[in-house]
Amino acid sequence: MLYESSRGGVAGVSSAEAILRGIAPDGGLFVPQSVPELDLTGLVGCDYTQTAKAVLRLYLTDYTEDELDKCVQSAYNGRFDSHTPAPLTPLSDRLHILELFHGPTNAFKDMALQLLPHLMSLAEKKAGNGSDILILTATSGDTGKAALEGFRDVPGVKIAVFYPKGGVSPMQKRQMTTQEGGNVAVSAVEGNFDDAQTGVKRIFTSPAFAEALKKRGWVCSSANSINWGRLVPQIVYYVFAYTSLVRQGRIKQGQKVNFAVPTGNFGNILAAWYAREMGLPINRIVCASNRNRILTDFLRTGVYDRNREFFTTHSPSMDILISSNLERLLYELGGSSEKVRGWMEGLSETGRYGVDSALKSRLDSLFWAGCCDDSETVDSIKDVYERFGYLSDPHTAVGVKVCEDYARASGDKTVTVAVSTASPFKFAKAVLLALDPAFSSDDDFLTCERLSRISGNAIPAPLAELKEKPVRFAGCVSKDGLWEFIEGFLP
Ligand SMILES: *Cc1c(COP(=O)(O)O)cnc(C)c1O
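No experiment lies behind these values; they were computed from the predicted model shown. Starting from 1, residues in each chain are numbered consecutively following that chain's sequence as written. Only residues with pLDDT of at least 70 are given local features in this predicted model, and only at 80 or more are side-chain atom pairs given and counted; all residues enter the totals for whole chains, interfaces and linings. The basis for every side-chain value is the complete set of non-hydrogen atoms in the structure, without hydrogens or water.

Q: Just checking my understanding: could you explain the sheet that holds strand S14 (residues 416-420) for this structure?
A: The strands that make up a sheet are held in pairs by hydrogen bonds between backbone atoms, and each pair lies either parallel or antiparallel. Two strands are said to pair when DSSP picks up at least two bridges between them. Counting from the N terminus, the helices are DSSP H or I runs at least four residues long and the strands are E runs at least two residues long. Taking strand neighbours across the sheet as the criterion, the six strands line up as S3-S4-S14-S9-S10-S13 in an open arrangement whose pairing is mixed. Whereas interior strands pair on both sides, the edge strands pair on one side only; in this sheet they are strand S3 (88-90) and strand S13 (367-371). Shown here is a sheet whose adjacent strand axes are inclined to one another by a mean of 25 degrees, direction ignored. Where strand S9 (residues 257-262) meets S14, three bridges bridge the pair, whose relative direction is parallel. The residue bridging asparagine 258 from the neighbouring strand is threonine 416, located in S14. Contacting S3, strand S4 (95-99), S9 and S14, helix H10 (residues 228-247) crosses the sheet at an angle of about 135 degrees to S9. Strand contacts of helix H17 (residues 394-410): S4, S9, strand S10 (282-289), S13 and S14, with the helix running at about 125 degrees to S10, the strand carrying the most contacts. Lines fitted to the C-alpha atoms define the axes, with helices restricted to the stretch that makes contact. Angles between their N-to-C directions range from 0 to 180 degrees. Contacts are residue-level and defined by heavy atoms, with any inter-residue pair within 4.5 Å sufficient.

Encoded structure:
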């Protein structure tokens, strides 16, 4: 299996090289030159690691069976607090929740970021030149912690994470500033997420920086969700959710299901599309957004327009106006690389592009899109709790609300899996607005304890343990201070 750029600049790239580079040299994203077919027959009897291996081997053909085996064992065995990394909880005969938050950082980013470091170390051996790897990440919360946890103490790797000073939740901040490991560094950046992201991008694309790194025997890479090494592990849990439904006797093999996905950068939902394209029996993929409804508007009209106000919401991991992974879908659905290039130029020059009617009708046949604001999110948390006794985080609640809107609007009775992307304890304050609106505290641990007492659910150990952990990284740099910070951190 070889990879090419969605903007046409390169082709014939191995998976190891795609993972090592992260982004194609022409600014495009790496996509597989064809989508492999999945043989579901034997998979119903498989556990999560076996399923992961069956999917990965179709895409990462330059990794040996033995290498993939070791990678998935290290990533998924003993690292999750549930009987399987991706348990399925039924709410009703028709609606099921796929819980992807049982990893060490309690958000779905762990599903890929527990595996990526292993794939990346091997990629450097296969396609690199013996350099050590410096991972640079700007984060609005969940990615940074999951990347730190995934890459901590991986030999030959160092990781630096930058987060916007006032832009993450207290729990997310504490998760990062107390991070353990001998190869990690964390700093706040004066400014918002865009400032942190721009600072990191500037370093990434600076030839002087690359040269300085090279002299010291380092090469820079990225752990953000445009890396193919993050996308491919995400295909696995869609397959596993399907085979779990068959195993539990809830559907017959071959019967179609819907998936509903709370969406930000379009990585998670794109993995559902790849699973469908590989032959997984999926009817409709429901794209759920919060008040930042740029994807809802795009999927309904075919026009992507980021010239709009940005809102901070109760579901911050979906507060985004540029959904990078959408570029891959546009390319896969028949936009040629010339068209994709044109659209992306439009996006960077005018903040806007519109797709042609052929592509729009393909989108219509695959996706349904909807959104809800903060008060509807709180209502959804309450409603799901009262009707089903199920505690959902704000991102998950957006997904459930939109998938019920879809069922009502369409009359579609297909069995549906709503993807749950975070533990409710990571966003306890917003969840309590639904369950106990009179409660108010700025202390995250008191808030978690209150939520635990009301719901009877235990606080996940990785969050509870933070209370005792010393802060290691209290610093903050200016927008222009990132390089200096990194220099101080490299040997
Ligand atoms: C990252 C994240 C999302 C959005 O996922 P994308 O792949 O960026 O669309 C949704 N919910 C949570 C909790 C997340 O951390």
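Q: Mind showing me how you'd approach the layout of surface pockets here?
A: A probe matching the size of a water molecule, rolled over the atoms, marks out where space remains unfilled. In the cavity and pocket records, a cavity denotes points on a 1 Å grid over the protein atoms alone where a 1.4 Å probe fits but cannot get out, a pocket denotes an open set with protein on both sides within 12 Å along at least 5 of 7 lines, and lining residues are residues with an atom within 4 Å of a point. Grid points are joined across faces, edges and corners, and a volume is the space filled by probe spheres set on the points. Taken as a whole, the second largest pocket encloses approximately 290 Å³ of empty space. If you trace the second largest pocket, you find 18 residues lining it, with Pro104, Glu149, Pro462, Glu465 and Lys469 closest to the centre. Elements supplying a minimum of two residues to the lining of the second largest pocket: helix H6 (142-151) and helix H20 (461-464).

Q: Quick question: what am I supposed to make of the site of the ligand here?
A: Consider each residue's heavy atoms; a residue with any of them within 4 Å of a molecule or strand counts as near. Near the ligand you find 15 residues, and of these Lys109, Asp142, Gly264, Asn265 and Thr421 are the closest. For the purposes of these results, a polar contact is taken to be a pair of N or O atoms within 3.5 Å, where, inside protein, one atom must be able to donate a hydrogen and its partner to accept one; residues adjacent in sequence count only when each atom of the pair is a side-chain atom. At 2.6 Å, a side-chain N or O of lysine 109 approaches an oxygen atom of the ligand. Separating an oxygen atom of the ligand from a backbone N or O atom of glycine 264 is a distance of 2.7 Å. Under the convention used here, a 1.4 Å probe and the Shrake-Rupley method define accessible areas, while residue burial counts only the protein chains that appear. Expressed as a share of its isolated accessible area of 380 Å², the protein-covered part of the ligand is 96%. Only Asp, Glu, Lys and Arg are considered charged, only Ala, Val, Leu, Ile, Met, Phe, Trp, Tyr, Cys and Pro nonpolar, and every remaining residue, Gly among them, polar. Among the residues making up the shell around the ligand, the classes are represented as five nonpolar, eight polar and two charged.

Q: What am I meant to see in the environment of alanine 418 here?
A: Relative to the elements of secondary structure, alanine 418 occurs in strand S14. Between the C-alpha atoms of alanine 418 and valine 400, which are 18 residues apart in sequence, the distance is 6.1 Å. Apart from residues lying up to four places away in sequence, alanine 418 is in contact with Leu95, His96, Ile97, Leu98, Ala260 and Val400.

Q: How do you make sense of the pattern of salt bridges when you look at a structure like this?
A: Charged atoms that come close allow side chains of opposite charge to pair. Whenever Lys or Arg places a side-chain nitrogen within 4 Å of a carboxyl oxygen from Asp or Glu, that contact is recorded as a salt bridge. One pass over the full model with this rule turns up 30 salt bridges. Among the salt bridges present, the one from aspartate 305 reaches arginine 352, with a minimum N-O distance of 3.4 Å. With aspartate 305 in strand S11 (residues 303-305) and arginine 352 in strand S12 (residues 352-354), this pair connects stretches of sequence that are 47 residues apart. Taken together, the shared-partner salt bridges connect Arg79, Lys145, Glu149, Arg152, Glu180 and Lys469 into one network.

Q: Sorry if this is basic, but what is going on with the side chain of glutamine 172 here?
A: Position of glutamine 172 among the secondary structure elements: in helix H7 (residues 170-177). For the exposure calls, accessible area comes from a 1.4 Å probe over protein chains only, and a residue counts as buried if that area is under 20% of its type's maximum, exposed if over 50%, partly exposed in between. By relative accessible area, which is 1% here, glutamine 172 ends up buried. Of note is the side chain of glutamine 172, whose polar atom sits 3.0 Å from the side chain of aspartate 142.

Q: Please explain helix H15 (residues 357-366) as it appears in this structure.
A: Given 3.6 residues per turn, any residue in an α-helix points the same way as the ones three and four places further on. Three or more residues of H15 are buried, namely Leu359, Lys360, Leu363 and Leu366. Here the buried residues of H15 occupy an arc of 125 degrees about the axis, which is enough to place them on one side. The exposed set on the far side of H15, more than 90 degrees from its buried face, consists of Ser357 and Ala358. Summarising the geometry, the arc corresponds to the directions from the helix axis toward the C-beta atoms.

Q: I'm lost on the packing of H6 against H7 in this one. Help?
A: Axis angle and axis distance: for two packed helices, these are the angle between their axes and the distance between the axes, and together they describe the pair. As a packed pair, H6 and H7 sit with axes 9 Å apart at the nearest point and diverge in direction by 25 degrees. In terms of axis orientation, H6 runs roughly parallel to H7. When you trace H6 past H7, the crossing you get is left-handed. Residue-level inspection shows Asp142, Gly144, Lys145 and Leu148 of H6 in contact with H7, the latter providing Gln172, Gln175 and Met176. Angular relationships are summarised with four words: roughly parallel below 35 degrees, roughly antiparallel beyond 145, roughly perpendicular across 65 to 115, and oblique for the angles in between. Note on convention: the crossing is left-handed when the near helix lies turned anticlockwise from the far helix by less than a right angle, right-handed when the turn is clockwise.

Q: Just to check I follow, could you spell out the packing of aromatic side chains for this structure?
A: Each aromatic ring pair is characterised by the separation of its centres together with the angle its planes make. Note on aromatic pairs: the rings of Phe, Tyr and Trp (six-membered ring only in Trp) are paired at centre separations within 6.5 Å, and the planes decide the class, stacked below 30 degrees, edge-to-face beyond 60, tilted for the rest. Within the structure shown, the criterion is met by 17 aromatic pairs. For the ring pair phenylalanine 266 and phenylalanine 367, a centre distance of 6.2 Å and an interplane angle of 45 degrees mean the geometry is tilted. Of this pair, phenylalanine 266 sits in the loop between S9 and helix H11 (267-277) while phenylalanine 367 is found in strand S13, placing the two residues 101 residues apart along the sequence. With a relative accessible area of 1%, phenylalanine 266 lands in the buried category. On the basis of relative accessibility, which here comes to 5%, the residue phenylalanine 367 falls in the buried class. Ring centres of tyrosine 304 and tyrosine 353 lie 5.4 Å apart, and the angle between their planes is 5 degrees; this geometry places the pair in the stacked category.

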